[in-house]
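Observations on the model geometry
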Amino acid sequence: MKREFPIIETDRLILREVIKEDSNDMLEYLSDKDVVKHMGLDPFQTEKDVLEEIEWYQKIFKDSTGIRWGIAHKDNGRIIGSCGFLNMHPKHSRTEIGYELNKEYWGRGIASEALEAVVKYGFQHLQLERIEALIEPANLASLKLLEKKGFEKEGLLRHYEFTCGKFDDLYMYSILKSDVLTT
């Protein structure tokens, strides 16, 4: 039996499953070097690159190892980013969160609104105890967002990933279910 992909609605956003018809919207931001520079990815070049990303979103959902929502703005319905979980570990009730947003929408509180909704969904519907975020130290906007949303910096993971021909240090941030219930 196929699970139904959950839809999350916020004041300005619909978080939903991305489909191949969203590929042009996604290519717009995934081809932007400023958007992907802290994601360990090279800018996407073609629609094929985006279709492979959409296939990965579908695979992690099917395999129950993650879930990635497309961020659609209610004003126009376009996909302007994504947010979701990867590397889910049900036995340990933990996962990693990731997100990106079209540069046109930076600084408007969109990422904050999406992140808050996805974290809430994880604690309420996926029985998560811990949500982690791995962030490059130079990604100041993301570090600020996580701290604003109650994530705590736990430490620096030195040379934790090898991406784009180099080793990257990453800060480990986390938020616990009890952190959200007390705020």
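Whatever comes next refers back to the structure up there.
Residues numbered from 1 in each chain as written. Predicted model: local features only at pLDDT ≥ 70, side-chain atom pairs only at ≥ 80, totals over all residues. Heavy atoms only, no water.

**A short note on the overall build of the protein chain**
- Helix and strand counts for the protein chain come out as six helices and eight strands.
- The globule rule puts the C-alpha radius of gyration for 183 residues at 16 Å, and the 16 Å found for the protein chain is close to it.
- When its C-alpha atoms are laid out on the principal axes, the protein chain stretches across 40 × 40 × 35 Å.
- Each of the 183 residues in the protein chain was classed as buried or not, and the buried ones make up 46%.
- In the protein chain, 59% of the contacts between residues at least 6 apart in sequence involve partners at least 24 apart.
- Only carbon and sulfur atoms are counted for the fraction: they give 51% of the accessible area of the protein chain, which is about 10,300 Å². (Helix = DSSP H or I, 4+ residues; strand = E, 2+ residues; numbered from the N terminus. Rg over C-alpha atoms; globule rule 2.2 N^0.38 Å. Buried < 20%, exposed > 50% of the residue type's maximum accessible area, 1.4 Å probe, protein only. Contact = heavy atoms within 4.5 Å. Areas by Shrake-Rupley, 256 points an atom, 1.4 Å probe, with all protein chains shown as cover.)

**Quick notes on the nonpolar core**
- With 34 residues, the main nonpolar core has Leu15, Trp69, Phe85, Ile97, Leu115, Ile131 and Phe151 as its most contacted residues.
- Breaking this core down by element, the ones donating at least two residues are β2 (13–16), β3 (67–73), β4 (79–89), β5 (94–101), α4 (110–125), β6 (130–135), α5 (140–148) and β8 (166–176).
- Phe85 has contacts with Ile60, Gly66, Ile67, Trp69, Thr95, Glu96, Ile97, Val118, Gly122, Leu126, Leu128 and Ile131, leaving out every residue within four places of it along the chain.
- Tyr29, Phe44, Val50 and Ile79 belong to the second largest nonpolar core, which has 13 residues in total. (Core = buried A, V, L, I, M, F, W, Y, C linked by side-chain atoms within 4.5 Å.)

**A closer look at the packing of aromatic side chains**
- The full count for this structure, using the stated rule, is six aromatic pairs.
- Measuring from centroid to centroid gives 5.8 Å for Trp56 and Tyr57, while their planes differ by 55°, and the two rings are tilted.
- Judged by relative accessible area, Trp56 falls into the partly exposed class, the value being 33%.
- For the pair Trp69 and Phe85, a centre-to-centre distance of 6.2 Å together with 80° between the ring planes defines the contact as edge-to-face. Placement of the pair is Trp69 in strand β3 and Phe85 in strand β4, with a sequence separation of 16 residues.
- On the basis of relative accessible area, Trp69 is assigned to the buried category, the value being 0%.
- Using a relative accessible area of 0% as the deciding quantity, one classes Phe85 as buried.
- Feature note: the residues Phe5, Phe61, Trp69, Phe85 and Tyr121 constitute an aromatic cluster, connected by ring pairs.
- Over the face of the ring belonging to Phe61 we find Arg3, whose NZ or CZ atom lies 4.2 Å from the ring centre. (Phe/Tyr/Trp six-rings, centres within 6.5 Å; stacked < 30°, edge-to-face > 60°. Lys NZ or Arg CZ within 6 Å of the ring centre and 35° of its normal.)

**A closer look at the packing of helix α1 (residues 23–30) against helix α3 (residues 47–62)**
- In contact at an axis separation of 9 Å, α1 and α3 are set at 105° when each is read in the N-to-C sense. With respect to their mutual orientation, α1 and α3 come out roughly perpendicular. Listed contacts from α3 to Ser23, Asn24, Met26, Leu27 and Leu30 of α1 are Glu47, Val50, Leu51, Glu53, Ile54 and Tyr57.
- Within the contact of α1 with α3, the residues separate by chemical class into seven nonpolar, two polar and two charged. (Axes fitted to C-alpha atoms, helices over the stretch in contact; angles between N-to-C directions. Parallel < 35°, antiparallel > 145°, perpendicular 65-115°, else oblique. Nonpolar A, V, L, I, M, F, W, Y, C, P; charged D, E, K, R; others polar.)

**A few points about the pattern of salt bridges**
- Inspection of the entire model under this criterion finds 16 salt bridges.
- Several salt bridges share partner residues, and in doing so they unite Asp32, Lys33, Asp34 and Lys103 into one network. (Salt bridge = Lys/Arg side-chain N within 4 Å of Asp/Glu carboxyl O.)

**Looking at the environment of Ser82**
- Mapped onto the elements, Ser82 comes out in strand β4.
- With relative accessibility at 0%, the residue Ser82 sits in the buried group.
- Ser82 sits 21 residues away from Lys103 along the chain, and the two C-alpha atoms are 13 Å apart.
- If we ignore the near neighbours within four places in the chain, the residues touching Ser82 are Tyr29, Tyr57, Arg68, Trp69, Gly70, Ile71, Gly98, Tyr99 and Glu100.
- In terms of polar contacts, Ser82 uses its side chain to reach the side chain of Tyr57, at 3.2 Å.
- A polar atom in the side chain of Ser82 sits 2.5 Å from the side chain of Glu100. (Polar contact = N/O pair within 3.5 Å; in protein donor to acceptor, adjacent residues only side chain to side chain.)

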